[in-house]
Amino acid sequence: MKSVTLSTLRDLKARGEKFTCLTSYDATFSHLMAEAGVETILVGDSLGMVVQGHDSTLPVSIADMAYHTAAVARGNGRRALVIADMPFMSCVRLEDALSGAKTLMQAGAQVVKLEGGLWLKETIQHLAHGGIPSCVHMGLTPQSVNVFGGYKVQGRGEEAAERLLAEAIELDRAGAALFVLECVPTAVGKRISESVSAPVIGIGAGPHCDGQVLVLHDMLGMHPGKPARFVKNFLTGNAEGISGAIKAYVSAVKGGTYPAPEHCFE
Ligand code: KIV
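A brief look at the structure comes next. Since this is a predicted model, take the numbers as computed values, not measurements. (Residues numbered from 1 in each chain as written. Predicted model: local features only at pLDDT ≥ 70, side-chain atom pairs only at ≥ 80, totals over all residues. Heavy atoms only, no water.)

We now examine the site of the ligand. Every residue near the ligand is listed here: T23, L42, G44, D45, S46, D85, K113, H137, E182, I203 and V215. One of the side-chain nitrogen or oxygen atoms of D85 is found 3.1 Å away from an oxygen atom of the ligand. Separating an oxygen atom of the ligand from a side-chain N or O atom of K113 is a distance of 2.8 Å. Considering the ligand on its own, with 260 Å² of exposed area, one finds that the protein chains cover 95% of that surface. (Near = heavy atom within 4 Å. Polar contact = N/O pair within 3.5 Å; in protein donor to acceptor, adjacent residues only side chain to side chain. Areas by Shrake-Rupley, 256 points an atom, 1.4 Å probe, with all protein chains shown as cover.)

Counting buried residues along strand 1 (residues 19-23), 5 of its 5 residues qualify, which places the element largely inside the surrounding structure. Residue alternation in strand 1 divides its side chains into two sets, F19, C21 and T23 and T20 and L22, and both sets are buried. In this structure, strand 1 lies alongside strand 8 (residues 211-214), joined through 4 bridges in parallel fashion. The residue of strand 8 that forms the bridge with C21 is V213. As judged from the 3 bridges shared by strand 1 and strand 2 (residues 40-43), these two strands associate in the parallel manner. For C21, the partnering residue across the bridge sits in strand 2 and is T40. Between strand 1 and its parallel partner strand 2, the chain crosses via helix 2 (residues 27-36), and the hand of that crossover is right-handed. (Buried < 20%, exposed > 50% of the residue type's maximum accessible area, 1.4 Å probe, protein only. Helix = DSSP H or I, 4+ residues; strand = E, 2+ residues; numbered from the N terminus. Pairing = 2+ DSSP bridges. Right-handed = clockwise from strand over helix to strand, strands pointing away.)

In this section: the packing of helix 2 against helix 11 (residues 241-255). Where helix 2 contacts helix 11, the two axes come as close as 9 Å, and the packing angle between them is 45°. Between helix 2 and helix 11, the angle is such that the two are oblique. Helix-helix and strand crossings are classified by hand; for helix 2 and helix 11 the assignment is right-handed. On helix 11, the residues touching F29, L32, M33 and A36 of helix 2 are I242, S243, I246, K247 and V250. By residue class, the composition of the contact of helix 2 with helix 11 is 7 nonpolar, 1 polar and 1 charged. (Axes fitted to C-alpha atoms, helices over the stretch in contact; angles between N-to-C directions. Parallel < 35°, antiparallel > 145°, perpendicular 65-115°, else oblique. Left-handed = near helix turned anticlockwise from the far one by under 90°. Contact = heavy atoms within 4.5 Å. Nonpolar A, V, L, I, M, F, W, Y, C, P; charged D, E, K, R; others polar.)

Written out as structure tokens, the structure reads:
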């Protein structure tokens, strides 16, 4: 696979072709993903839950993120675009955001992901001036679980949907390079994806987003307890095992069969 860049993703969006993203935290899985044609790999701070065993993403540090980003970058070999998460509270003060993002880029990330909304505008502009593209994660932002009072669908109702849309449009104009949109009604995912120029990667945001992302452990059915509505297990029944599951995910997203209505919110 040729190196995927932000312009590759913008071209895919312009052509209406869906692209894929999966989370990875190590070299072996990143290698398998790049081999399977996954365009973007997210070193998610979900590693706090699925790798470190915490009950939220809040304990994850920049040092943790840098360690896993470096491993992912080595396994990927400059094929998929590597996005690394800015962890909890790392973007509240501008100087922390700039220094944390620099650490992740030097560890091998090509884009940093920040959870939040309009309050990130100045930060993403400063990062862009410094040569760092930002992916803004909106909707259900797990680092704010204590503000939301749980992992709940966001952007429901006209006022909340309009607010989310207006913030996305302003951040797009301010230079956001990508968006992740988590757990919003399908109609909201569609409107935002159509209204911003940056590619939008959905997770529980319906089939109209430009790309889709899942947490690796979820799509392999390794989630303890009941998985979220948007999760599909691609491993069960796949004769080719883990590589086969990743390839099945790629072809389901590209072929438009995932997410299906049962994975979406109204
Ligand atoms: O940390 C993560 O894995 C994420 C995805 C849920 C999008 O942010």
